[in-house]
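Okay, here's what each chain looks like letter by letter:
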Amino acid sequence: MKLAKLDFLLRYPRHLRRVLLALGTHPEQMEGIDPDEAPLDARMMRYRYGPWDPSYYAVLGSLIGRGLVEVAPLPGKGFGYRTSSAGAQLASDLRVDESFSHINLRLRLLRRYLDKSGNTLKNYLYELPEIADATWHEDLT
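Below you will find a few notes about this structure.

Conventions we followed
- Residues numbered from 1 in each chain as written.
- Predicted model: local features only at pLDDT ≥ 70, side-chain atom pairs only at ≥ 80, totals over all residues.
- Heavy atoms only, no water.
- Phe/Tyr/Trp six-rings, centres within 6.5 Å; stacked < 30°, edge-to-face > 60°.
- Helix = DSSP H or I, 4+ residues; strand = E, 2+ residues; numbered from the N terminus.
- Buried < 20%, exposed > 50% of the residue type's maximum accessible area, 1.4 Å probe, protein only.
- Contact = heavy atoms within 4.5 Å.
- Arc of directions from axis to C-beta.
- Core = buried A, V, L, I, M, F, W, Y, C linked by side-chain atoms within 4.5 Å.
- Axes fitted to C-alpha atoms, helices over the stretch in contact; angles between N-to-C directions.
- Parallel < 35°, antiparallel > 145°, perpendicular 65-115°, else oblique.
- Left-handed = near helix turned anticlockwise from the far one by under 90°.
- Nonpolar A, V, L, I, M, F, W, Y, C, P; charged D, E, K, R; others polar.

Take the packing of aromatic side chains next. Under the definition given, this model contains five aromatic pairs. Through a chain of ring-to-ring contacts, three or more aromatic side chains come together here, namely Trp52, Tyr56 and Tyr57.

Structure (structure tokens):
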């Protein structure tokens, strides 16, 4: 659940900005986030616990198959995902690639202000009418 919520906020800078402002983040700390920028990649849809992308299963399978992500057991909670050493190295390489600077800015903001539980992130997103009022399987804007 947490991964999907963070992905949504990464893809949709307008909503990331709104959530950060609601949490009391100063606008100057969000310099570089263009709220009018179109969402990254494909649109996400409203599903049971908020934003969801049906391609997650294929993407995670591909990352696991390439050795970039590992499945990690969570005590009493099933399992989660973490980057492998190869995945961490690739992420490090992408952080210094100038063509990813706008994404890296958002990732730093997510890490700094929104490193919360999946349930907490879900609650933040349900404060957005575009999420809370959307019907299941409706594309989010």
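Further notes follow.
Relative to the helices and strands, Asn104 resides in helix α5 (residues 101-113). For Asn104, a relative accessible area of 7% translates into the label buried. Leaving out residues up to four positions away in the same chain, Asn104 has contacts with Leu94, Arg95 and Asp97.

Every buried residue belonging to helix α2 (residues 13-22) is among Pro13, His15, Leu16, Val19 and Leu20, and all of these are buried. Along the axis of α2, the buried positions cluster into a sector of 160°, meaning they face one direction only. In this fold, the buried residues of α2 make contact with α1 (2-11), α5, α6 (118-125) and α7 (129-132). At the C-terminal side of α2, Gly24 shows a positive phi close to 90°.

Positive phi, close to 70°, is recorded for His137, a residue that is not glycine. The residue His137 is located in the segment after α7 in this model.

The biggest cluster of nonpolar side chains holds 24 residues, and the ones touching the most others in it are Phe8, Leu9, Leu16, Leu20, Leu109 and Leu114. Put simply, the parts of the chain that give this core at least two residues each are α1, α2, α5 and α6. Counting residues per element, this core draws most heavily on α5, which supplies five residues. The contact partners of Leu16, leaving out residues within four places of it in the chain, are Leu9, Ile33, Arg106, Leu110 and Leu114.

So, on to the packing of α1 against α6. With their axes 8 Å apart at the nearest point, α1 and α6 run at an angle of 40° to one another. As far as their axial angle goes, α6 and α1 are oblique. For the pair α1 and α6, the sense of crossing is left-handed. Judged by residue contacts, Lys2, Lys5, Leu6, Phe8 and Leu9 of α1 engage Gly118, Leu121, Lys122 and Leu125 from α6.

Contact geometry of α1 with α2 gives a least axis separation of 5 Å together with a crossing angle of 110°. By the criterion of interaxial angle, the relationship of α1 to α2 is roughly perpendicular. On the side of α1, the interface is formed by Phe8, Leu9, Leu10 and Arg11, while α2 contributes Pro13, His15, Leu16 and Val19. Classifying every residue of the contact of α1 with α2 gives six nonpolar, one polar and one charged.

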